[in-house]
Amino acid sequence: MKIWICPGSFDPVTMGHIDIIKRASRMCDHLIVAVGVNDGKKATFTLEERRQFILKSVKGLKNVEVDVFEGLLINYAENKGATAIVKGLRAVSDFEYELQMALLNKRLNEKIETVFLMTSINYSYLSSRAIKNIASNGGEIRGLVPDSIHDDIYEKLKEGEIK
Ligand code: ADP
């Protein structure tokens, strides 16, 4: 069985991520969307909130599982029996970082490949940070995130302000 991992911080998941998840799920038997703890990025939503957002968004996709992981992605991928890590590429600015990660991961485990899918033109400008900026300043994010989590995002952002 061909198992692939689609890792990210998904803070929150956007239509850009969902596009990559859908396309990758058609290229493997089982896709694990893995929400990671990224030391370099302070998350707005908790791991559980981010996991729930993705779960709600991928309901129709039968071969997609949602999980969270800590520590090294490559170790997680190996433990899951994955043969590839799949990532989306938006712009040249993504490339440098992703090339470094892919080469490091290859060095750590030569059996696991990193596969890149180019962003769809409609979503190339989308990022989680942009979504949070728009939503927390009263802007409209419909169409940029899955409809099923649109209201939840505003709600959770509001709760965060009160905390
Ligand atoms: P972000 O950069 O939005 O915080 P993540 O760290 O969650 O995203 O990214 C997970 C993966 O999804 C990365 O490979 C990233 O390049 C990819 N990705 C994020 N947004 C898009 C998009 N709009 N189109 C294609 N890929 C994307």
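Residues numbered from 1 in each chain as written. Predicted model: local features only at pLDDT ≥ 70, side-chain atom pairs only at ≥ 80, totals over all residues. Heavy atoms only, no water.

Student: Hey, could you run me through the overall build of the protein in this one?
Tutor: Counting its secondary structure elements, the protein contains 6 helices and 5 strands. Ordered by position from N to C terminus, the α and β elements of the protein give β-α-β-α-β-α-β-α-β-α-α. Taken over the C-alpha atoms alone, the protein extends approximately 45 × 35 × 30 Å along its principal axes. Looking at the protein alone, contacts between residues at least 24 apart form 74% of all its contacts between residues at least 6 apart. As displayed, the protein offers around 9500 Å² of accessible surface, 53% of which is attributable to carbon and sulfur atoms. The distance from the centre of the 23 positive side-chain charges to the centre of the 22 negative ones in the protein is 2 Å. (Helix = DSSP H or I, 4+ residues; strand = E, 2+ residues; numbered from the N terminus. Contact = heavy atoms within 4.5 Å. Areas by Shrake-Rupley, 256 points an atom, 1.4 Å probe, with all protein chains shown as cover. Lys, Arg positive; Asp, Glu negative; His and termini not counted. Charge placed at Lys NZ, Arg CZ, Asp CG, Glu CD.)

Student: Just to check I follow, could you spell out the environment of Ile85 for this structure?
Tutor: Tracing the backbone shows Ile85 in strand β4 (residues 84-89). Using a relative accessible area of 2% as the deciding quantity, one classes Ile85 as buried. Not counting residues up to four positions away in its chain, the partners in contact with Ile85 are Ile5, Pro7, Leu73, Ile74, Ala77, Asn105, Ile112, Glu113, Thr114 and Val115. (Buried < 20%, exposed > 50% of the residue type's maximum accessible area, 1.4 Å probe, protein only.)

Student: Even after reading the chapter, I still don't get the site of the ligand, so can you show me in this structure?
Tutor: Around the ligand sit 18 residues, and of these Phe10, Gly88, Arg90, Thr119 and Tyr123 come closest. Separating an oxygen atom of the ligand from a side-chain N or O atom of His17 is a distance of 3.2 Å. Starting from 540 Å² of accessible surface for the ligand in isolation, the protein chains cover 91%. If you list the elements that add at least two residues to the shell around the ligand, you get β1 (3-8), α1 (15-25), β4 and α4 (92-108). Ranked by the residues each element gives to the shell around the ligand, the list is headed by α1, at 3 residues. Its residues placed into classes, the shell around the ligand shows 5 nonpolar, 8 polar and 5 charged. (Near = heavy atom within 4 Å. Polar contact = N/O pair within 3.5 Å; in protein donor to acceptor, adjacent residues only side chain to side chain. Nonpolar A, V, L, I, M, F, W, Y, C, P; charged D, E, K, R; others polar.)

Student: It is not clear to me how the environment of Lys22 should be interpreted in this structure. Could you clarify?
Tutor: On the secondary structure map, Lys22 appears in helix α1. For Lys22, a relative accessible area of 38% puts it in the partly exposed group. Residues Lys22 and Val58, spaced 36 residues apart in sequence, show a C-alpha to C-alpha distance of 8.4 Å.

Student: Even after reading the chapter, I still don't get the side chain of Ser128, so can you show me in this structure?
Tutor: In this fold, Ser128 is placed in helix α5 (residues 128-136). We classify Ser128 as buried; its relative accessible area is 14%. For Ser128, the contacting residues outside a window of four places in its chain are Phe10, Asp11, Pro12, Thr14 and His17.

Student: So what exactly am I meant to see when it comes to unusual backbone geometry here?
Tutor: Peptide bonds are mostly trans, and most non-glycine residues show a negative phi. Here the residue pair Asp11 and Pro12 is connected by a cis peptide bond, since its omega of 5° sits within 30 degrees of zero. If you trace the backbone, Pro12 turns up in the loop between β1 and α1.

Student: Whenever I open this one, the state of the cysteines confuses me. Can you help?
Tutor: The term disulfide refers to a covalent linkage connecting the sulfur atoms of a pair of cysteines. Applying the stated criterion across every chain, the model contains 0 disulfides. Distance from the sulfur of Cys6, which forms no disulfide, to the nearest cysteine sulfur (Cys28) is 9.5 Å. (Disulfide = S-S within 2.5 Å.)

Student: When you look at the pattern of salt bridges in this model, what are you seeing that I'm missing?
Tutor: A pair can form between side chains of opposite charge whenever their charged atoms are brought close. One pass over the full model with this rule turns up 12 salt bridges. In this structure, Lys132 engages Asp11 in a salt bridge whose closest nitrogen and oxygen atoms are separated by 2.9 Å. Here Asp11 lies in the loop between β1 and α1 and Lys132 lies in helix α5, a separation of 121 residues in the sequence. For Lys132, a relative accessible area of 17% puts it in the buried group. (Salt bridge = Lys/Arg side-chain N within 4 Å of Asp/Glu carboxyl O.)

Student: It is not clear to me how a nonpolar patch on the surface should be interpreted in this structure. Could you clarify?
Tutor: Together, Val92, Phe95, Leu99 and Leu103 make up a nonpolar patch on the protein surface, roughly 410 Å² of accessible area in all. Note on placement: Leu99 falls in helix α4. (Patch = residues over 30% accessible without salt bridge, like charges linked within 9 Å, V, L, I, M, F, W, Y side chains within 5 Å.)

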